[in-house]
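Below, each chain spelled out in residue letters.
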Amino acid sequence: MRVFTVISVLLLSGLAMVWSALPPQSSLAAAVSGPIREASRQVSDWARINIRQGLVEKTPDYEAASRRFLDADPQRGVALIRLHGCGACHRVPGLRDAQGTVGPDLHDFARQSYVAGVLPNRPGDLTRWLMNPPAHSPETAMPNLGLKRDEARDIAAYLLGSEVRE
């Protein structure tokens, strides 16, 4: 109870000091709302300038950001898909000669939630899958092709929605 009394006295003393510092004919509401109004004006000015200059996105595209690859080349991905014979088992979008039916059809692969039902369909997880599928699903029919990380990233970039098409 004593602590509550001390805190109450301190708060009332602080309010009294603020009140006494106000110019005559000024209200406490005006004294408090002025700085708040100024701060909100500054924030809105900052946002308007930065959005106009493109420094702040209005609506970020999180889906596109999650599919970006640094240094991945979808063109090399196409060449690697052909080199490793992926079309013998899979139908691959944009490749007329890739019409296999042993593995899943890879059309609209970017819209799938999971890679082989075991890993989330994200760039890093797809890359890891391509480097060594049996490590993630020992019963898979997909062999370990011995892909290096860069090769797997290039193939993943192609499968996750690149613009490369025949």
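Here, every reference points to the structure presented above.
Report follows, based on the coordinates. Just so we're clear, the structure is a prediction, and the values are computed from it rather than from any experiment. (Residues numbered from 1 in each chain as written. Predicted model: local features only at pLDDT ≥ 70, side-chain atom pairs only at ≥ 80, totals over all residues. Heavy atoms only, no water.)

This part takes up the environment of Thr127. Take Thr127: it is sitting in helix H5 (residues 123–131). Through-space distance from the C-alpha of Thr127 to that of Asp150 is 8.7 Å; in sequence the pair is 23 residues apart. (Helix = DSSP H or I, 4+ residues; strand = E, 2+ residues; numbered from the N terminus.)

Here the focus is unusual backbone geometry. In the Ramachandran plot, Asp108 falls in the positive-phi region, its phi being about 55° despite a non-glycine side chain. Its location among the elements puts Asp108 in the loop between helix H4 (74–83) and strand E1 (114–115). In this structure, Ala116 is a non-glycine residue whose phi angle is positive, near 55°. With respect to the helices and strands, the residue Ala116 is situated in the loop between E1 and strand E2 (119–120).

Below, the discussion takes up the pattern of salt bridges. Scanning the model with the defined rule gives 6 salt bridges in all. The salt bridge involving Asp97 is made with Arg82; its shortest N-O contact spans 4.0 Å. Of the two residues, Asp97 sits in the loop between H4 and E1 while Arg82 sits in helix H4, which places them 15 residues apart along the sequence. With a relative accessible area of 54%, Asp97 lands in the exposed category. Residue class for Arg82 comes out partly exposed when judged on its relative accessible area of 39%. (Salt bridge = Lys/Arg side-chain N within 4 Å of Asp/Glu carboxyl O. Buried < 20%, exposed > 50% of the residue type's maximum accessible area, 1.4 Å probe, protein only.)

Empty space within the largest pocket amounts to approximately 530 Å³. Every residue lining the largest pocket is counted, 27 residues in all, and those nearest its centre are His90, Gly103, Pro104, Trp129 and Met142. For the lining of the largest pocket, the secondary structure elements donating two or more residues are E1, H5 and helix H7 (149–159). No other element matches the 3 residues that H5 contributes to the lining of the largest pocket. (1 Å grid on protein atoms, 1.4 Å probe; cavity = no way out; pocket = protein on both sides within 12 Å on 5 of 7 lines; lining within 4 Å. Points joined across faces, edges and corners; volume = space filled by probe spheres on them.)

In this section: a nonpolar patch on the surface. On the surface, a cluster of nonpolar side chains totalling about 300 Å² of accessible area is made up of Val3, Ile7 and Leu11. For Val3, the location among the structural elements is in helix H1 (residues 2–21). The exposure class assigned to Val3 is exposed, which follows from its relative accessible area of 60%. (Patch = residues over 30% accessible without salt bridge, like charges linked within 9 Å, V, L, I, M, F, W, Y side chains within 5 Å. Areas by Shrake-Rupley, 256 points an atom, 1.4 Å probe, with all protein chains shown as cover.)

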